[in-house]
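Understanding the architecture of this molecule
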Amino acid sequence: PEEFGRLNIMLNLINFIAPFISLGITNTIAVNYFKLRKENLSSHISTYFLFSASITFGIFLLFIIFQNELINYFHFDIWFILSVPLLCFFNLIMDTLIVINRNEHEVKKIAYITIFKILLEIGLSIILIVFLKKGIEGRALSLIISTGIIAIFCFYDIFIRFKLSITYNFRFIKNEVRFWG
């Protein structure tokens, strides 16, 4: 029972931090997909990913600075806590590709991404929990590994499809901030 409580706290922490990292970016990309040319959309996606990556890094640093307090409060290993912002960023990348595929009416691709992630996560959970006896750490590790692998494939797809480059246009972020209030 304690193990389930720890996992539940981790999942709730992900739910709490995700909005700070995603900032509604997938909704913006969904709308801009139809409003912008592909080259301009590429610049927007790159800017949004870099902005979210910097927020992820900032949260990561905050967790490192306050690691003793977090470990004492949650009773987790530090890797457990540090994986949360990374998982949120990985989910943002996956959600972005899913939104793009939805806009392109690529339902099969969405299904493949989702099914592959589920199967990978379940398979890793079985290996880590049942065979390697890792318990809650195995469950968390299966989530981290499966989400990371899928995020890499999703990022690669977005990178190739939109020819992403390292572009950061502060004006895009400034325009988005106006709608947050």
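Here is what the cut-offs are and how they apply
Residues numbered from 1 in each chain as written. Predicted model: local features only at pLDDT ≥ 70, side-chain atom pairs only at ≥ 80, totals over all residues. Heavy atoms only, no water. pLDDT = per-residue confidence, 0-100. Helix = DSSP H or I, 4+ residues; strand = E, 2+ residues; numbered from the N terminus. Expected span 1.5 Å × (residues − 1). Axes fitted to C-alpha atoms, helices over the stretch in contact; angles between N-to-C directions. Parallel < 35°, antiparallel > 145°, perpendicular 65-115°, else oblique. Left-handed = near helix turned anticlockwise from the far one by under 90°. Contact = heavy atoms within 4.5 Å. Nonpolar A, V, L, I, M, F, W, Y, C, P; charged D, E, K, R; others polar. Buried < 20%, exposed > 50% of the residue type's maximum accessible area, 1.4 Å probe, protein only. Core = buried A, V, L, I, M, F, W, Y, C linked by side-chain atoms within 4.5 Å. 1 Å grid on protein atoms, 1.4 Å probe; cavity = no way out; pocket = protein on both sides within 12 Å on 5 of 7 lines; lining within 4 Å. Points joined across faces, edges and corners; volume = space filled by probe spheres on them.

Turning next to the confidence of the model for the protein. For any part of a model where pLDDT is low, the fine detail of the predicted coordinates should not be relied upon. Here the protein averages 91 in pLDDT, while 96% of its residues score no lower than 70. Model confidence for the protein, summarised as mean pLDDT per element, is weakest for helix 8 (residues 170–180) at 73 and strongest for helix 6 (residues 107–131) at 97.

This next bit is on helix 7 (residues 135–162). Between its terminal C-alpha atoms helix 7 stretches 40 Å, which fits the 40 Å expected from 28 residues at 1.5 Å a residue. Looking one or two residues past helix 7, K163 carries a phi angle of roughly 50 degrees, positive in sign.

This brings us to the packing of helix 3 (residues 38–65) against helix 5 (residues 78–103). Running from N to C, helix 3 and helix 5 point in directions that differ by 165 degrees, and their axes come no closer than 9 Å. As the angle between them shows, helix 3 and helix 5 are arranged roughly antiparallel. For the pair helix 3 and helix 5, the sense of crossing is right-handed. For the pair helix 3 and helix 5, contact is made by I45, F49, S52, A53, T56, I59, F60, F63 and I64 and by I78, I81, L82, V84, P85, L86, F89, L92, I93, T96 and I100, respectively. Among the residues forming the contact of helix 3 with helix 5, the class breakdown is 17 nonpolar, three polar and no charged.

Our focus in this paragraph is the packing of helix 2 (residues 25–35) against helix 3. Two numbers describe how helix 2 lies on helix 3: the axes approach to 10 Å, and their chain directions differ by 175 degrees. Comparing the axis directions of helix 2 and helix 3 gives the class roughly antiparallel. Along the contact surface, helix 2 presents I25, T28, I29, N32 and Y33, while helix 3 presents L41, H44, I45, Y48 and S52. Grouping the amino acids of the contact of helix 2 with helix 3 by side-chain chemistry returns six nonpolar, four polar and no charged.

Relative to the assigned elements, I98 resides in helix 5. By relative accessible area, which is 24% here, I98 ends up partly exposed. Along the sequence, I98 and E176 sit 78 residues apart, while their C-alpha atoms lie 21 Å from each other. Leaving out residues up to four positions away in the same chain, I98 has contacts with I110 and I113.

Counting 45 residues, the largest nonpolar core has I17, I45, F63, V84 and I158 as the members making the most contacts within it. Contributing elements (two or more residues each) for this core: helix 1 (2–22), helix 2, helix 3, helix 4 (67–74), helix 5, helix 7 and helix 8. Those residues in contact with V84 that sit more than four places away from it in its chain are M10, L13, I14, I17 and F63.

Let us now look at the layout of surface pockets. Its volume calculated, the second largest pocket comes out at about 150 Å³. Among the elements that make up the lining of the second largest pocket, the one with the highest residue count is helix 3 (four residues). Per-class residue counts for the lining of the second largest pocket are eight nonpolar, two polar and no charged.

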